[in-house]
Number of protein chains: 2
Amino acid sequence: MSSLRSLDENLISHIPPFRKLERVDIREILDAATPKRFSAGQAIFEEHEPAERFFLLLDGHVRVIRTTASGDQVIARHIVSGELMGIASAIGRTTYPASAVAIDDCLVLFWPTSLWKTFVEKYDGFATETYKTVGERISEANNHILELATQQVEQRVARALLRLAIQSSRITDEGMEIDFPLTRQNISEMTGTTLYTVSRLLSAWEKQGIVNSGRKKVIVTEMNKLKTLADLDPMADS
Amino acid sequence: MSSLRSLDENLISHIPPFRKLERVDIREILDAATPKRFSAGQAIFEEHEPAERFFLLLDGHVRVIRTTASGDQVIARHIVSGELMGIASAIGRTTYPASAVAIDDCLVLFWPTSLWKTFVEKYDGFATETYKTVGERISEANNHILELATQQVEQRVARALLRLAIQSSRITDEGMEIDFPLTRQNISEMTGTTLYTVSRLLSAWEKQGIVNSGRKKVIVTEMNKLKTLADLDPMADS
DNA sequence: GGGGAAGTTTGTGCTAGAACAACCTATTCG
DNA sequence: CGAATAGGTTGTTCTAGCACAAACTTCCCC
């Protein structure tokens with residue numbers, strides 16, 4: 001895909017915030033967008049930076065990170081293709097509340113923040129859909145708080161893996177393989193524990209045949225057993 | 001104040017989401033509002049209930065609570081007078097994500113959720129202001145996650161008390177007294193610990209002259225020392 | 001192809017803070 | 001007023017999970 005040619009409408013026409021729009025609107029939106037590639041490890045935007053752009057991840061995986069004064073890192077969430085990011089502007093912020101780092105090679109579109117207002121006013125359904133996204137992220141955050149405050153490390157790690165397996169995995173003959181590189185350290189930063197504890201848990205689960213993991217790789221082989229560990233009803237799907 | 005007489009415009013004219021509005025608009029908004037009193041302990045709305053109304057707290061204090069399947073409670077936040085609550089509709093939710101309970105006697109106004117859309121469209125500035133509120137709550141939630149994931153109990157409790165002292169206290173000759181009843185149990189539910197640990201911390205701090213606490217009562221006598229414990233710069237005000 | 005570098009595993013303390021228990025004190029209300 | 005109840009304190013025990021160390025494995029790239 002060359003950034004010289006104009007972008008294909010099918011790129012975004014199926015993505016929630018744009019789904020309800022007419023072809024002409026999509027055309028307009030794409031013409032205003034700048035595509036950009038990021039390679040693994042590159043920062044897409046940084047915490048505290050002025051929020052001058054908002055982004056749509058077209059391909060790849062992004063980690064959203066916050067860092068404390070004392071240097072500890074926490075992974076707030078993972079963004080998968082089709083999701084908007086850096087939508088601080090939507091909620092009246094002028095700086096990004098967290099940093100976004102490309103996990104693998106990523107393709108994103110971005111727009112200047114000044115266009116946010118236009119999008120909301122001009123394109124029907126865009127506002128509703130994106131505010132729904134904001135709502136979902138609040139819920140996620142609150143669930144995370146509940147987990148951190150009430151659950152044991154084992155449950156939290158189980159839940160984190162389940163979420164990733166559901167959100168972003170490919171089916172292999174072994175099970176559901178999380179489809180981006182993920183280290184013990186990463187998992188510990190998602191769950192507020194240490195890489196050592198995660199390693200021990202994964203080793204134990206491997207012996208019980210629940211997961212199958214390797215360097216930067218986790219395959220969930222027994223979803224239901226993992227759900228039991230997460231203290232979720234193993235019968236409930238999704 | 002009688003609910004039979006029409007509501008005084010001054011009630012809400014200074015509150016952020018309404019501040020920029022004309023008198024006529026305020027009049028309209030008030031005429032559409034229903035006032036209601038809640039006595040200490042009463043639930044204003046419950047988690048999972050359909051979000052049929054949104055509220056403005058005019059007087060009193062409200063606790064926002066989430067409960068886990070296993071019965072643990074977590075206090076998500078405290079609402080003080082002048083704040084909106086139950087604004088699930090703003091973010092495309094159809095049910096309340098948490099329960100709201102009156103801590104002391106409260107006076108609230110409420111409107112049917114169906115009016116939300118009207119408010120946003122009709123009253124300029126209402127949308128911007130409320131989305132800013134939503135944004136602040138996301139930040140709060142994310143900060144809470146960061147704290148739970150990286151800090152010791154002592155720091156978390158110190159921060160929780162600091163926040164309350166700043167948000168909702170009266171100045172007495174002893175120091176800043178949190179102006180609503182607050183138990184050790186409550187504090188533990190805000191910080192993801194146990195009432196025993198909170199009790200020990202408060203006892204220790206009392207000996208050091210940092211706080212002065214009693215039954216359902218906490219007075220912060222030495223803000224700066226508490227800030228040091230919270231690992232925040234004691235020089236930074238607000 | 002060999003030497004880092006990055007990621008993982010596992011062992012051995014050790015301690016923050018949870019759990020439980022027992023008792024104490026302030027409030028409330030019949 | 002006096003019993004019941006809600007809230008608070010403090011002692012003791014115990015363990016989940018952190019910290020640190022050391023060795024191992026996989027990958028990458030010069």
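A short tour of the structure in this document, coming up. (Residues numbered from 1 in each chain as written. Chains lettered and ligands numbered in written order. Predicted model: local features only at pLDDT ≥ 70, side-chain atom pairs only at ≥ 80, totals over all residues. Heavy atoms only, no water.)

Attention now moves to the overall build of chain A. Check the secondary structure of chain A and you find 8 helices and 12 strands. For chain A, the C-alpha radius of gyration of 19 Å lies close to 18 Å, the compact-globule estimate for 238 residues. Counting every position in chain A, which comprises 238 residues, the buried fraction comes to 52%. About 11400 Å² of surface is accessible on chain A, with carbon and sulfur atoms providing 49% of the total. (Helix = DSSP H or I, 4+ residues; strand = E, 2+ residues; numbered from the N terminus. Rg over C-alpha atoms; globule rule 2.2 N^0.38 Å. Buried < 20%, exposed > 50% of the residue type's maximum accessible area, 1.4 Å probe, protein only. Areas by Shrake-Rupley, 256 points an atom, 1.4 Å probe, with all protein chains shown as cover.)

Strands belonging to one sheet form pairs held by backbone hydrogen bonds; the direction of such a pair is parallel or antiparallel. All names here are of chain A. Here 4 strands make up an open sheet; going across it, the order is 2-7-4-5 and the pairing antiparallel. The open sheet has two edge strands with one neighbour each: strand 2 (43-45) and strand 5 (73-80). Sheet twist, expressed as the average angle between the axes of neighbouring strands with direction ignored, equals 30°. This element, helix 6 (residues 184-191), spans strand 4 (61-67) and strand 5 of the sheet and lies at about 100° to strand 5. (Pairing = 2+ DSSP bridges. Axes fitted to C-alpha atoms, helices over the stretch in contact; angles between N-to-C directions. Contact = heavy atoms within 4.5 Å.)

As a further point, take the pairing of strand 4 of chain A. Residues and elements named next belong to chain A. Buried residues dominate strand 4, accounting for 6 of its 7 residues. Examined bridge by bridge, strand 4 and strand 5 share 7 bridges and lie antiparallel to one another. Bridge pairing links His 61 to Val 80 in strand 5. Where strand 4 folds back onto strand 5 in an antiparallel hairpin, the turn is made up of 5 residues, including Gly 71, whose phi is positive at roughly 95°. Of the pairings in the sheet, the one linking strand 4 to strand 7 (residues 99-102) comprises 4 bridges and is antiparallel in character. The residue bridging Arg 63 from the neighbouring strand is Val 101, located in strand 7.

Looking now at the environment of Leu 58 of chain B. Residues and elements named next belong to chain B. Considering the arrangement of structural elements, one finds Leu 58 in strand 3 (residues 53-59). With a relative accessible area of 15%, Leu 58 lands in the buried category. A C-alpha to C-alpha distance of 29 Å links Leu 58 and Asn 212, two positions 154 residues apart in sequence. Ignoring sequence-local partners within four residues, the contact set of Leu 58 consists of Leu 11, Ile 12, Ile 15, Ser 81, Leu 107, Val 108 and Leu 109.

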